Each structure stands twice: as structure tokens, then as C-alpha cells.
Amino acid sequence: MGQATEIIYRLMQENYDIGQVTRIEEVTSGYCNKSYALWMSIGDHCRRYFLRLYNPVVAENEIQFEQALLRHLRSKGFSRAAAMVGCRNGESLVETPPP
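The structure displayed is predicted, hence computed values, not measured ones.

With that out of the way, let us pick up the nonpolar core. The biggest cluster of nonpolar side chains holds 15 residues, and the ones touching the most others in it are Ile8, Met12, Tyr36, Leu38 and Met40. Of all elements in the fold, only α1 (2-15), β1 (20-27), β2 (34-42) and β3 (45-53) reach the threshold of two or more residues within this core. No other element matches the four residues that α1 contributes to this core. Discounting residues that sit within four places of it in the chain, leucine 38 has contacts with Ile8, Met12, Arg23, Ile24, Arg47, Arg48, Tyr49 and Leu51.

Here we take up α1. Residues lying three or four places apart along an α-helix face the same way, a consequence of the helix completing one turn every 3.6 residues. Here α1 spans 20 Å end to end across 14 residues, near enough to the 20 Å set by a 1.5 Å rise per residue. Within α1, burial applies to Ala4, Thr5, Ile7, Ile8, Leu11, Met12 and Asn15. For α1, the angular spread of the buried residues around the axis is 165°, confining them to a single face. In α1, the exposed positions angled more than 90 degrees off the buried face are occupied by Gln3, Glu6 and Gln13. Where α1 is buried, its residues meet β1, β2 and β3.

A few words on the pairing of β1. Regular strands have side chains that alternate between both faces of the sheet. Pairing geometry for β1 and β2, over seven bridges, is antiparallel. Looking at the pairing, valine 27 lines up with serine 35 of β2. Hairpin geometry of β1 and β2 is characterised by an intervening segment of six residues between the two adjacent antiparallel strands.

Across the protein chain, pLDDT averages 90, with 96% of residues at or above 70. At the low end of the mean pLDDT range in the protein chain sits α1, at 88; at the high end sits helix α2 (residues 60-75), at 95.

Reading guide: rules and limits
Residues numbered from 1 in each chain as written. Predicted model: local features only at pLDDT ≥ 70, side-chain atom pairs only at ≥ 80, totals over all residues. Heavy atoms only, no water. Core = buried A, V, L, I, M, F, W, Y, C linked by side-chain atoms within 4.5 Å. Buried < 20%, exposed > 50% of the residue type's maximum accessible area, 1.4 Å probe, protein only. Helix = DSSP H or I, 4+ residues; strand = E, 2+ residues; numbered from the N terminus. Contact = heavy atoms within 4.5 Å. Expected span 1.5 Å × (residues − 1). Arc of directions from axis to C-beta. Pairing = 2+ DSSP bridges. pLDDT = per-residue confidence, 0-100.

Right, dumping it as C-alpha cells:
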């Protein structure tokens, strides 16, 4: 995973306040985007998060639609929809070079 791992470590360190990356595993079930399970540690607590690196051909408005749909589903009590974690700047999308 080399280059992707470096990008993920940098991305998390520069944009989020949810701890230190302790483990990264690629989730291979996707067919368009790259997805990863991340274990983040703060003190004695470790939590798992899901990170998606979108395919560069996916338009930003498609990403915004997907995120709006997930927020809507969660607001209606559908707990199986992913909860998004905002960046330090409050945004839910970070642009980064593809791995």
C-alpha cells in the first residue's frame, strides 16, 4: 500500500483531530473508489473509521449528493448509514492527489 499509506497518514494528521493512525487496512469490496478502515488512537481509546479516496473521475457534485443522502438517512434514524466526521475546517471533503 506504500504511497496510499503515506497519503492517508498525512491527510489524517493535517485535517482531523481524531487521534493518531495506528492501523490501516484496504477494503477491497469497492469497484470505483479506494476505501480503507483506519484505527485511530487517542490515549487508551482506539476507534475504527472508514476513509474513502474517490476515483478522480467522480464529479464533486456526485460526492456532495452521496454525503447529503447519508446525512439525511442518519437524520431519519437509519443508523447503518455512515456518519461523517468533519475536518478541522468543518468540511467533509478533502482534496488530495490520488495514490
